[in-house]
Amino acid sequence: MTVTLRPATEDDLMAVGALHQRSRVAAYSSFLPPEALAEPGEEAMGAYWVERWTWERDDHRMTVAERDGRLVGFSHLGPDDEGDPATGLLNAIHLDPAERGRGTGRELMIDALAAMRSRGWSGGVLWVLRENASARRFYERGGWAPTGRARDEHIGAVLVPQLRYARPL
């Protein structure tokens, strides 16, 4: 069966949170300790997305991917986190762990890039965990390149280095 993309609705957000947590655990467990990934749990991550959506629904876009009526991935984008009006920020692409390697991430990225262009942005940026080699390869295959900028963010109690990537739209 093929994957279907559609705009997320408020009714999707708890399932998005559960998928987000499963995706994080699968993607980051090779370089982060289990205690860093234990919280938030799936329900708490869903509540996080419900709350976040109330503040971002007007200027952000979330797309969900479904296969056989089941949520298997999502993307989330919005304005640049550093205030550049010509640039959009790809906040996330997350997949259910069983969906990796099936082309769904690529479909979500193509859709996100088109959405960024339709908003009039000429460039896109994203942050990716430095140790997440698989995600870095995925984004590099999609035309993204490291900018040389880095920051540290917490995942649980662990301070995790992130790299900024950019690409023209």
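In this report, we go over the structure that sits alongside the text. (Residues numbered from 1 in each chain as written. Predicted model: local features only at pLDDT ≥ 70, side-chain atom pairs only at ≥ 80, totals over all residues. Heavy atoms only, no water.)

1. A short note on the sheet that holds strand E3 (residues 70-79)
And then number 1: Pairing is mixed in the open sheet, where seven strands are placed in the order E1-E2-E3-E4-E5-E7-E6. With one partner strand each, in any of the chains shown, strand E1 (4-7) and strand E6 (145-155) form the two edges of the open sheet. Averaged over all pairs of adjacent strands, the angle between their axes in this sheet comes to 25°, without regard to strand direction.
And then number 2: As paired strands, E6 and strand E7 (residues 158-168) are joined by eight bridges and run antiparallel to one another. (Pairing = 2+ DSSP bridges. Helix = DSSP H or I, 4+ residues; strand = E, 2+ residues; numbered from the N terminus. Axes fitted to C-alpha atoms, helices over the stretch in contact; angles between N-to-C directions.)

2. A few points about unusual backbone geometry
Most peptide bonds adopt trans geometry, and most residues besides glycine take a negative phi value.
And then number 1: With an omega dihedral of 0°, the bond running from Glu39 to Pro40 counts as a cis peptide bond.
And then number 2: Mapped onto the secondary structure, Pro40 falls in the loop between helix H2 (34-38) and helix H3 (42-56).

3. A closer look at the nonpolar core
And then number 1: Formed by 21 residues in total, the largest nonpolar core has its most connected members in Leu90, Tyr139 and Trp144.
And then number 2: Elements represented by at least two residues in this core include exactly E3, strand E4 (87-95), helix H4 (104-118), strand E5 (123-129), helix H5 (133-141) and E7.
And then number 3: The biggest single contributor to this core is H4, with six residues.
And then number 4: Leave out the neighbours within four places in its chain, and Leu90 touches His76, Leu77, Ala112, Met116, Val125, Leu126, Tyr139 and Trp144.
And then number 5: Within the second largest apolar cluster, twelve residues are counted, among which are Val64, Leu71, Phe74 and Ala92. (Core = buried A, V, L, I, M, F, W, Y, C linked by side-chain atoms within 4.5 Å. Buried < 20%, exposed > 50% of the residue type's maximum accessible area, 1.4 Å probe, protein only. Contact = heavy atoms within 4.5 Å.)

Nothing here speaks to function; it is geometry throughout.
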